[in-house]
Amino acid sequence: MGIHDLAILHRAAKKIDVATSRKKELTPILFFDTQTVRANAMVKLIGKELPEHEIHAVTHVENLLHLLRDLPVNVIVIDAECLSTMIAEDREALEEEVKKRTVILLSNDAVIGTSSFIASIITKSESITNTVKDLTNHILTISIGTVRQNRIRLSKREQDVAQLLLGGFSNKYIAYELGISQKQLVHLKPEFYKMNVKSVLELAKELSL
């Protein structure tokens, strides 16, 4: 039986709902649009396409800035129309907050005057449902790319250790399963710090396991 199968069986034995657990590990996505009705409609449709993600509609820039500071948000979707009406002070604050995050702009035009934002641009379709499909496909592509990059950063042995750690196995069992000493296992664990993780929960979030 493979490492991945062992981890799944162990979670099942402990009655852990894997799907629910993964949803909790995913960071929330913020959708910013000052038009409340449109924002709520978009979030509802996005939620249907990405049921494992937690999507928040934000309609005031002050609230957006607070959420970016308080929540572990990696993806922000912004309707580009909002930027044209945003005062310079708020725009500068937003630019500062999103520097290390993935920004996706929804625009009526393929090219817009937002050079100060490092962002992907999704051109709005005539149909809101088509716009949502384009957006969610892009978000999924980003997520898959991030997971692959993180997994590449770990060796095969480190990935095996990660799988078993996430399955809830003890150090003693992991060492036995992999045919290594507990001392060798202790030396493997610090390798996870190159992914900037400090706990099993953070490791799960990084690898989406």
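In case you missed it, the structure is sitting above this.
What comes next is a walk through the structure. (Residues numbered from 1 in each chain as written. Predicted model: local features only at pLDDT ≥ 70, side-chain atom pairs only at ≥ 80, totals over all residues. Heavy atoms only, no water.)

### Some words on the environment of Ile142
Working step 1: Structurally, the position occupied by Ile142 is in helix 7 (residues 128-152).
Working step 2: C-alpha of Ile142 to C-alpha of Thr102: the two residues are 40 residues apart in sequence and 8.7 Å apart in space.
Working step 3: Setting aside residues no more than four positions away along its own chain, Ile142 makes contact with Thr102 and Ile104. (Helix = DSSP H or I, 4+ residues; strand = E, 2+ residues; numbered from the N terminus. Contact = heavy atoms within 4.5 Å.)

### Some remarks on the nonpolar core
Working step 1: By size, the foremost hydrophobic cluster in this structure holds 17 residues, and its most contacted members are Leu30, Phe32, Leu64, Leu68, Ile76, Ile78 and Leu94.
Working step 2: Listing elements by their share of this core, those giving two or more residues are strand 1 (29-32), helix 4 (61-70), strand 3 (75-79), helix 5 (81-85) and strand 4 (102-107).
Working step 3: The element contributing the most residues to this core is helix 4, with 4 residues.
Working step 4: When residues no more than four places from it in sequence are discounted, the contact partners of Ile76 are Leu30, Leu64, Leu68, Val98, Arg101, Thr102, Val103 and Ile104.
Working step 5: With 16 residues, the next largest nonpolar core counts Val77, Ile104, Leu106 and Leu135 among its residues. (Core = buried A, V, L, I, M, F, W, Y, C linked by side-chain atoms within 4.5 Å. Buried < 20%, exposed > 50% of the residue type's maximum accessible area, 1.4 Å probe, protein only.)

### A few points about helix 4
Working step 1: Taken as a whole, helix 4 has its buried residues at Val61, Leu64, Leu65 and Leu68. Angular distribution of buried residues about the axis of helix 4 spans 95 degrees; they occupy a single face of the element.
Working step 2: Of the surrounding elements, those touching the buried residues of helix 4 are strand 1, strand 2 (55-58), strand 3 and helix 6 (88-97). (Arc of directions from axis to C-beta.)

### Observations concerning helix 8 (residues 156-167)
Working step 1: The terminal C-alpha atoms of helix 8 lie 17 Å apart, and with 12 residues this matches the ideal 16 Å at 1.5 Å per residue to within 8%.
Working step 2: Of all 12 residues in helix 8, 9 are buried, a share of seventy percent or more.
Working step 3: For helix 8, the full list of buried residues reads Glu158, Asp160, Val161, Ala162, Gln163, Leu164, Leu165, Leu166 and Gly167.
Working step 4: The first or second residue beyond helix 8 is Gly168, which carries a positive phi of 90 degrees. (Expected span 1.5 Å × (residues − 1).)

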